[in-house]
Amino acid sequence: MTDQQYDAIVIGTGISGGWAAKELCENGLKTLVLERGRMIEHIKDYHTANLDPWDMPNGGRITPEIKERKFKQHRTGYVTDPVCEHFFVDDIKHPYNEVRRFDWIRGYHVGGKSLVWGRQSYRLSEIDFEANKKDGTAVDWPIRYKDIAPWYSHVEKYIGVSGENLGLPQLPDSEFLKPLTLNCAEEDFKVSVAKNMNDRVVTPARVAHITEGTKPGLGRSTCQYRNRCMRGCPYGAYFSSNSSTLPAADATGNMTLRPHSIVHKIIYDEKTKSASEVEIIDGETRQKHTFKAKIIFLCASTVPSTSILMQSTSKRFPNGLGNDSGELGHNIMDHHFVVGASAKIEKFKEKYYKGRKPGGIYIPRFRNIGGNSDSKDFIRGYGYQGGAYRTSMSEVVAELKYGPELKEAILKPGGWRIGVTGFGETLPDHNNKMYLDYDKLDEWGLPTVTFDADFGENELAMRKDMKDQAVKMFKSAGYKDVEGYDSIDSRAMGLGIHEMGTARMGHDPKTSVLNKYNQIHTCKNVFVTDGSFMTSSACQNPSLTYMAFTARAANYAAKQFKNGNL
Amino acid sequence: MKRRDALKNIGLSAGLIVATPTVISLLNSCSTDSNKWSPVFLNKEQAKVLMEIVDVIIPKTDTPSANEVNVVEFLDKYYKEILDDNRQDWLKNTYAKLVDLIKLNYSEDINSLTQENYKDLLDNHMILNGESDDISELLKKIKSDTIWSYKISEFVGENVLAYDPIPGVAYCGDLQELTGGKSWSL
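Residues numbered from 1 in each chain as written. Chains lettered and ligands numbered in written order. Predicted model: local features only at pLDDT ≥ 70, side-chain atom pairs only at ≥ 80, totals over all residues.

A look at the sheet that holds strand β6 (residues 203–204) of chain A
Residues and elements named next belong to chain A.
Turning to step 1, where the next piece is worked out: Judged by pairing direction, the sheet is antiparallel, and its 6 strands sit side by side in the order β6-β13-β14-β15-β11-β18 without closing on themselves. The strands lining the two open edges of the sheet, one partner per strand, are β6 and β18 (480–486).
Turning to step 2, where the next piece is worked out: One ladder, built from 3 bridges, connects strand β13 (residues 361–363) with strand β14 (residues 382–390); its direction is antiparallel. By the bridge assignment, Ile-363 is partnered in β14 with Tyr-384.
Turning to step 3, where the next piece is worked out: Contacts between helix α5 (residues 184–196) and the sheet are confined to β11 (339–345), β13, β14 and β15 (416–424), with β14 contributing the most and set at about 140° to the helix.
Turning to step 4, where the next piece is worked out: Against the sheet, helix α9 (residues 457–476) makes contact with β11, β14, β15 and β18, and its axis sits at roughly 10° relative to β11, the strand it touches most. (Pairing = 2+ DSSP bridges. Helix = DSSP H or I, 4+ residues; strand = E, 2+ residues; numbered from the N terminus. Contact = placed C-beta atoms within 7 Å. Axes fitted to C-alpha atoms, helices over the stretch in contact; angles between N-to-C directions.)

Printed below as a string of structure tokens:
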């Protein structure tokens, strides 16, 4: 049966869907927002937010039952923690297939992964948007930095991002709130890198936390330095759809939010040559519904959005909506990481910190940005994230067996340690792909996703440098027990939770799915604005970019709607 | 949660407070009573041995001992509810071996053992550096589990270590001024 007619439908409520809902509603469009999972109300549904370890059964250790139900989510090692596991899917209920291992980490509920994201917020630069064209990789981005810069500003001013402007061409400045303060060991490292390495800098992590004042939403206030962000923040101090964009959309009176709505198909109308309806299965009643709209924003996150397009077949699009190029589902990327170094700092024994910062340090990309920075071994680059801390117990503990001396030692902090891990760019490769398996259906009778992807030669070559340079920085700072590491043997795409690129943007419908406004080239009332649009991955954490592109696309769509073009 | 209520009633739930003798005696009245409590994973003999060992590892000083914050009751439940089958099997077997070794070396009557006997056991059978057998591995596991569960017990977390659930600020300062030299519990 066909339900109501709307001006716009937004599919998904995560970091992209929230922004699409807010911008469309604020532009006056009657908007239906569909979410496949349950409702999560800001604050009310963060039931673990104030629990200490002794409030949790067994000190909060992960139970065998969670490990069994969430065996793929557990590959991260942290999202199955009982304090936040309810924000991640059950792998038995939501199966997928792997030709090559792919860690697909998902959150099916209102707010999606915006509730549990890493909050690192970095702009892409002109170097990133020009890269594919310059080195002849994949296809050219159809936009340049100047096109998106004002939208980065628009988003940053609204969500609140803390950080420090450095004026770097490879990492553009942002609209910042005051940065997180470096602790004394991080400051020591910053001074050392400035003195010993003339090609790179250490800066506070740029994170989407309010560090001063407030921002719009449901009573958002400044960070209380509890670092329990993944449980949902009762202060609304970090940005999430639940605390910020969805309340803004709701306040307009134009939003209808419908949880438990599993979208599986967008219907293409041969007469109007546009999408006309969205089909859903109600997750509670299991009934099918269709909803009509003039504009559809697909923001279900990379893999689900691509999967919906693949299921949206028609006479005109037998291989999936907008898939004339054959690129839909291909070119999947994620950042490669868990490579770097750690070391001991034998200073500041009388120093300690108060407060638990939600972000440490960042070292912006310094490779292949011209001059002496160019590498012979790989193209593109990487940044480092990390931080310094005191270990939880004095080192003497390891040498004692029992008694008052041991007891005293376990109550004292240990020495300082510092660690960094690189986040490297992954090149788009047509052979890295996801596709649908119609022989293995899920409980809704829908096809499951199969992944077949891995990192390539360029990424592997880059990792050597990621490890070596981290070691070099710590050694030059005079730190002890410097240990480089590279977890390449246990690697898989997806672990970065930055999966992207399966419905890429481009100039040419023959080689790409979306145009420069995130519209399907050949079905212009469908916009795809989650990670699937990414033409290259850059090395920066991508969520800020998804938000900026979504805001830009939604405002473009609203304008076209008002002009009668959509 | 009688212990918790008792502590809250005397206003000890917030802030950095050094445990006083009064507090410790109060804790005594709330800690595991071996006559009433029954283990769910270990047998009674193994639980008795563990209770003796944890108080040698973390004895009573001006702050509570391991048993005074119910470390054994916590670990016994943790073994049952969290560890996988392989690990549980290993623990069951090795605890049995440990009890056999104790009986052989010290006394058939577990209740007659002294603290000195347990110190002797740890001195001779917990091997920190060098080749470690199953008994040593178990003793080392008991040591690390005891430390972990002691530190995340409510009393120690809130009153012995430095506790600050809502710091509100983040900066570096002097260790003594910030926490009196203690670690933060969170």
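Considering helix α1 (residues 15–26) of chain A
All names here are of chain A.
Turning to step 1, where the next piece is worked out: Here α1 spans 17 Å end to end across 12 residues, near enough to the 16 Å set by a 1.5 Å rise per residue.
Turning to step 2, where the next piece is worked out: Most of α1 sits out of view: 11 of its 12 residues are buried.
Turning to step 3, where the next piece is worked out: Taken from the residues just after α1, Gly-28 is the one with a positive phi, measuring 90°. (Expected span 1.5 Å × (residues − 1). Buried ≥ 20, exposed ≤ 12 C-beta atoms within 10 Å, placed from the backbone.)

Concerning the interface of chain A and chain B
Turning to step 1, where the next piece is worked out: If you look at the interface, chain A gives 36 residues, while chain B gives 41 residues.
Turning to step 2, where the next piece is worked out: Counting only elements with at least two residues in the side of chain A that touches chain B, the list comes to β12 (351–354) and α8 (404–410) of chain A.
Turning to step 3, where the next piece is worked out: Counted by class, the side of chain A that touches chain B contains 15 nonpolar, 9 polar and 12 charged residues.
Turning to step 4, where the next piece is worked out: Both β12 of chain A and strand β1 (residues 171–174) of chain B contribute to a ladder of 4 bridges, which runs antiparallel. Bridge pairing in β1 of chain B links Tyr-352 of chain A to Gly-173 of chain B. (Nonpolar A, V, L, I, M, F, W, Y, C, P; charged D, E, K, R; others polar.)

Let's talk about the sheet that holds strand β17 (residues 447–452) of chain A
Residues and elements named next belong to chain A.
Turning to step 1, where the next piece is worked out: The strand order across the open sheet formed by 3 strands is β3-β17-β16, and the pairing between neighbours is mixed. At either margin of the open sheet sits one strand with a lone partner, and together these are β3 (97–98) and β16 (433–441).
Turning to step 2, where the next piece is worked out: Across 6 bridges, the pairing between β16 and β17 is antiparallel. Residue pairing across strands places Leu-436 opposite Val-449, the latter belonging to β17.
Turning to step 3, where the next piece is worked out: Contacts between helix α7 (residues 302–311) and the sheet are confined to β16 and β17, with β16 contributing the most and set at about 65° to the helix.

Describing unusual backbone geometry
All names here are of chain A.
Turning to step 1, where the next piece is worked out: The phi dihedral of Asn-331 is positive, around 65°, even though this residue is not glycine.
Turning to step 2, where the next piece is worked out: Summarising the element assignment, Asn-331 is placed in the loop between α7 and β11.
Turning to step 3, where the next piece is worked out: Among the residues examined, Asn-331 registers 28 C-beta atoms within 10 Å and is labelled buried.

Looking at the packing of helix α3 (residues 44–57) of chain B against helix α7 (residues 134–151) of chain B
Residue and element names in this part refer to chain B.
Turning to step 1, where the next piece is worked out: Packing of α3 against α7 brings their axes to within 10 Å, and their N-to-C directions diverge by 70°. Considering the angle they form, α3 stands roughly perpendicular to α7. Considering the relative orientation of α3 and α7, their crossing is right-handed. Where α3 abuts α7, its residues Leu-50, Ile-53, Val-54 and Ile-57 lie against Ile-142, Lys-143 and Thr-146.
Turning to step 2, where the next piece is worked out: Looking at side-chain class alone, the contact of α3 with α7 contains 5 nonpolar, 1 polar and 1 charged residues. (Parallel < 35°, antiparallel > 145°, perpendicular 65-115°, else oblique. Left-handed = near helix turned anticlockwise from the far one by under 90°.)

So, the packing of α3 of chain B against helix α4 (residues 71–81) of chain B
Residue and element names in this part refer to chain B.
Turning to step 1, where the next piece is worked out: In the contact formed by α3 and α4, the axes pass within 9 Å of each other and the chain directions differ by 130°. With respect to α4, the element α3 is oriented oblique. In terms of crossing hand, the pair formed by α3 and α4 is right-handed. Touching Ala-47, Leu-50, Met-51 and Val-54 of α3 are Val-71, Val-72 and Asp-76, all from α4.
Turning to step 2, where the next piece is worked out: When the residues that make up the contact of α3 with α4 are grouped by side-chain class, the tally is 6 nonpolar, no polar and 1 charged.

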